[in-house]
Amino acid sequence: MGFLKTAAAFLLAVFILRAALGAMFQAPGAAGPALVEAFALDWAGFGTLVGLFWLPGLFLAYPLGLVARRLGDRRGVLLGLLLLILGALVSASAEEVARLIAGRLLMGLGTLLVILLLTKMVQDRFLGRDLFPAMAVYVLGWPLGIAAAQAALPGFVPDHGWQFPYQVAAFAAGIAFIAVALARGPEPRAVPISASTASGLTRDEFRRMCLAGACWALVNGAYMVLVSFAPPMLMARGLGLAEASFAVSLISWSNLLAVPAGAWLARRAGVAGPMTITASLAAMLAALALPIADVAWAPFLGLLHGFCYALPITVFSALAAEAVAPERRARGLGVYFVWFYAGCTGCPAFAGWLRDITGSATAPVFFAVAALGVALTLYVWFRRDLARG
C-alpha cells in the first residue's frame, strides 16, 4: 500500500510536468499566424522555431547521459523546469527574432534535462508489466497539454497578443516545479549500479537503442508536424481559426481514452505487436484523409487519427526499456535521445520547408503520414532484432 501511495503521488507530478511541457512546446503553434506576422517569418522559419525546442538535445543528450548519475534525477528535472520557465519568459519579451530564438533554445535545454532524467526516473521505478501503465501516465500529460494549449489559447491571442501562450506555459511550468519538488518516492527498483556492471553498451544494445530512438523520434515528429501545420492547412481549406484549432485539438484530446486503453491491452500476452501495427496503419489512413476529405469531416478524422495514433503509444515509448540492461540505462538513453532530438528538431523544420517549396498547405500533412510509416517499419525491425537476441 505504501508503494501505491507514493507511486500515485509521483505519477501525478509526472503527469502535471508533462502537461506543462506540452503547453511549452505548443506556445508558438498557439500563437500561430499572429507570431508569424509579428516577426515576418516564412513557414520554414516557423517550423524551425518549433523544432528549436529539441535542438539542444541533438548535441547534448549523449554527454548528459554519461553524467546523469552524478547530476541526480530530481535535481536535474527541477533545474530543467527553471530553464523552461526562463526560456518562456525570454520568448514572451522578445522584440526581435534573435531573442525569440534564444528563449526557445533555453526552453530546449530545459526540455533535454526534464525528458532524459524523467524518463530514467519512471523506467527505474516501474518494471515489467507495471511499466506500461506508468508510461501511459508519462505519455498522456504531453498531448493533453498540447491539446489544451491548442484549443484554449489561440482565442486569447487577438486581445492579449502572441506573448500570451508563452506566459501561460511559464505559469504551468511553475506549477509543475512545485509538484515535482513535493512528490517523494517511490524508490528506484532497478538493478543497483556497481563498478563491474556500469560498463559501456554492448553492440546489440547500441543498435537497439538507435532503432528505438529513431522510431520514437518519428512517432513524435509526425505528431508535432500535424498539430503545428494541420490548423493552417484546414484554414486554407475554408475553416475558421476556432474550427481548425478545435478539429486538430481532438487529435490530442482523444489520447485521454486511447493511451490508457492501449496500456491495458499491451499488458495482455501477444496483443502489443498486432495492436501497434493495426492502429498505426489506421492512424496513417485517417491523417491521409484529412487534407483530401470534405472539411466537414475534419473533427471526426482528427479524433480517429488521434485515437489510433495513441493506442500503441506506450508500446513505442517502452522500447528503450527493453533495449538495454537497467544498469546501463542512463548511458543508453543518451544514445536514444540523440535520435529522438534529431527527429524532433528536423521534422517540423523539414515540413515547413516542404510547404514553402511546394506552396501547398497539405504537403506537411503528407510528410507526417510518411514519417509514421517509417516509424512503424523501425518498430517491426526492433522487435525482430530483439527476438533474434
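The text that follows walks through the structure, step by step, so that each part is easy to find.

Cut-off values and rules
Residues numbered from 1 in each chain as written. Predicted model: local features only at pLDDT ≥ 70, side-chain atom pairs only at ≥ 80, totals over all residues. Heavy atoms only, no water. Helix = DSSP H or I, 4+ residues; strand = E, 2+ residues; numbered from the N terminus. Rg over C-alpha atoms; globule rule 2.2 N^0.38 Å. Buried < 20%, exposed > 50% of the residue type's maximum accessible area, 1.4 Å probe, protein only. Areas by Shrake-Rupley, 256 points an atom, 1.4 Å probe, with all protein chains shown as cover. Phe/Tyr/Trp six-rings, centres within 6.5 Å; stacked < 30°, edge-to-face > 60°. Lys NZ or Arg CZ within 6 Å of the ring centre and 35° of its normal. Core = buried A, V, L, I, M, F, W, Y, C linked by side-chain atoms within 4.5 Å. Contact = heavy atoms within 4.5 Å. Axes fitted to C-alpha atoms, helices over the stretch in contact; angles between N-to-C directions. Parallel < 35°, antiparallel > 145°, perpendicular 65-115°, else oblique. Left-handed = near helix turned anticlockwise from the far one by under 90°. Nonpolar A, V, L, I, M, F, W, Y, C, P; charged D, E, K, R; others polar. Patch = residues over 30% accessible without salt bridge, like charges linked within 9 Å, V, L, I, M, F, W, Y side chains within 5 Å. Salt bridge = Lys/Arg side-chain N within 4 Å of Asp/Glu carboxyl O. Expected span 1.5 Å × (residues − 1). Polar contact = N/O pair within 3.5 Å; in protein donor to acceptor, adjacent residues only side chain to side chain. Disulfide = S-S within 2.5 Å.

## Remarks on the overall build of the protein
Reasoning step 1: Helix and strand content of the protein: 17 helices and zero strands.
Reasoning step 2: Relative to the globule expectation of 21 Å for 389 residues, the C-alpha radius of gyration of the protein, 20 Å, shows essentially globular dimensions.
Reasoning step 3: Taken along its principal axes, the extent of the C-alpha atoms in the protein is 60 × 45 × 40 Å.
Reasoning step 4: Looking at the protein residue by residue over its 389 residues, the buried ones come to 59%.
Reasoning step 5: Here the protein has roughly 14,900 Å² of accessible surface; of this, 69% comes from carbon and sulfur atoms.

## What about the packing of aromatic side chains?
Reasoning step 1: All chains considered together, the criterion is met by 21 aromatic pairs.
Reasoning step 2: Ring centres of Phe10 and Phe126 lie 6.4 Å apart, and the angle between their planes is 25°; this geometry places the pair in the stacked category. Taken together, the residues span a long stretch of sequence, with Phe10 in helix α1 (residues 2-38) and Phe126 in the loop between α5 (97-125) and α6 (131-152) at a distance of 116 residues.
Reasoning step 3: Given the relative accessible area of 3%, Phe10 is considered buried.
Reasoning step 4: Sitting over the face of the ring of Tyr138, Arg18 holds its NZ or CZ atom 4.1 Å from the ring centroid.
Reasoning step 5: Against the face of Phe10 rests Arg125, its NZ or CZ located 5.5 Å from the ring centre.

## Observations regarding the nonpolar core
Reasoning step 1: Among the nonpolar cores identified, the biggest contains 140 residues, and Trp54 and Leu81 are the most heavily contacted of them.
Reasoning step 2: Per-element tally for this core: the top contributor is helix α9 (residues 203-236), with 19 residues.
Reasoning step 3: If near-sequence neighbours (up to four positions away) are discounted, Leu81 is found in contact with Leu17, Val114, Ala173, Ala176, Phe177 and Val180.

## Description of the packing of helix α11 (residues 255-266) against helix α13 (residues 298-310)
Reasoning step 1: Here α11 crosses α13 at 25°, and the two axes come no closer than 8 Å. Of the possible angle classes, the one that applies to α11 and α13 is roughly parallel. Read as a crossing pair, α11 and α13 show a hand that is right-handed. Along the contact surface, α11 presents Asn255, Leu257, Ala258 and Val259, while α13 presents Gly306, Phe307 and Ala310.
Reasoning step 2: Of the residues in the contact of α11 with α13, the class split is five nonpolar, two polar and no charged.

## Some thoughts on the environment of Leu58
Reasoning step 1: Along the polypeptide, Leu58 turns up in helix α3 (residues 55-71).
Reasoning step 2: Taking the C-alpha atoms as reference, Leu58 lies 7.5 Å from Phe337; in sequence the two are 279 residues apart.
Reasoning step 3: Ignoring any residue separated from it by four or fewer positions in sequence, one finds Leu58 in contact with Val338, Tyr341 and Ala342.

## Some details on a nonpolar patch on the surface
Reasoning step 1: A contiguous nonpolar patch, built from Phe171, Ile175, Ile178 and Leu182 and spanning about 450 Å² of accessible area, is present on the exposed surface.
Reasoning step 2: Mapped onto the elements, Phe171 comes out in helix α8 (residues 164-182).

## Looking at the environment of Ile16
Reasoning step 1: With respect to the secondary-structure elements, Ile16 resides in helix α1.
Reasoning step 2: Considering only alpha carbons, one finds Ile16 and Phe59, 43 residues apart in sequence, at a separation of 27 Å.
Reasoning step 3: Not counting residues within four places of it along the chain, the set of residues in contact with Ile16 comprises Ile175, Ala176 and Ala179.

## A closer look at helix α16 (residues 329-358)
Reasoning step 1: Taking 1.5 Å per residue, 30 residues should reach 44 Å; α16 reaches 42 Å between its end C-alpha atoms and fits that length.
Reasoning step 2: In the segment just after α16, Gly359 is the residue with positive phi, at about 70°.

## Things to note about the pattern of salt bridges
Side chains bearing opposite charge may pair, as long as their charged atoms lie close to each other.
Reasoning step 1: A full pass over the atoms with the stated rule returns seven salt bridges.
Reasoning step 2: Between Arg207 and Asp204 there is a salt bridge, with its nearest N and O atoms 2.8 Å apart. You can see Arg207 and its partner Asp204 sitting in helix α9, three residues apart, about one turn around the helix.
Reasoning step 3: Given a relative accessible area of 29%, Arg207 falls into the partly exposed group.
Reasoning step 4: The exposure class of Asp204 is partly exposed, given its relative accessible area of 34%.
Reasoning step 5: Of the charged contacts, one joins Asp385 and Arg208 as a salt bridge, the two residues approaching to 2.7 Å between their closest N and O atoms. Placement of Asp385 in helix α17 (residues 363-388) and of Arg208 in helix α9 is noted, with a sequence separation of 177 residues between them. Each member of the pair, Asp385 together with Arg208, is buried.

## Observations regarding unusual backbone geometry
Reasoning step 1: Unusually for a residue other than glycine, Ala40 sits at a positive phi of about 50°.
Reasoning step 2: Assignment of secondary structure puts Ala40 in the loop between α1 and α2 (43-51).
Reasoning step 3: Using a relative accessible area of 70% as the deciding quantity, one classes Ala40 as exposed.

## Notes on the side chain of Asp385
Reasoning step 1: Among the residues examined, Asp385 registers a relative accessible area of 4% and is labelled buried.
Reasoning step 2: One polar contact links Asp385 to Arg207, side chain to side chain, over a distance of 2.9 Å.

## Re the state of the cysteines
Reasoning step 1: Within this structure, the stated rule accounts for zero disulfides.
Reasoning step 2: Between Cys210, a cysteine without a disulfide, and Cys215, which holds the nearest cysteine sulfur, the sulfur-to-sulfur distance is 13 Å.
Reasoning step 3: Judged by relative accessible area, which is 14%, Cys210 ranks as buried.
Reasoning step 4: Cysteine Cys215 shares no disulfide, and the gap to the nearest cysteine sulfur, in Cys344, comes to 12 Å.

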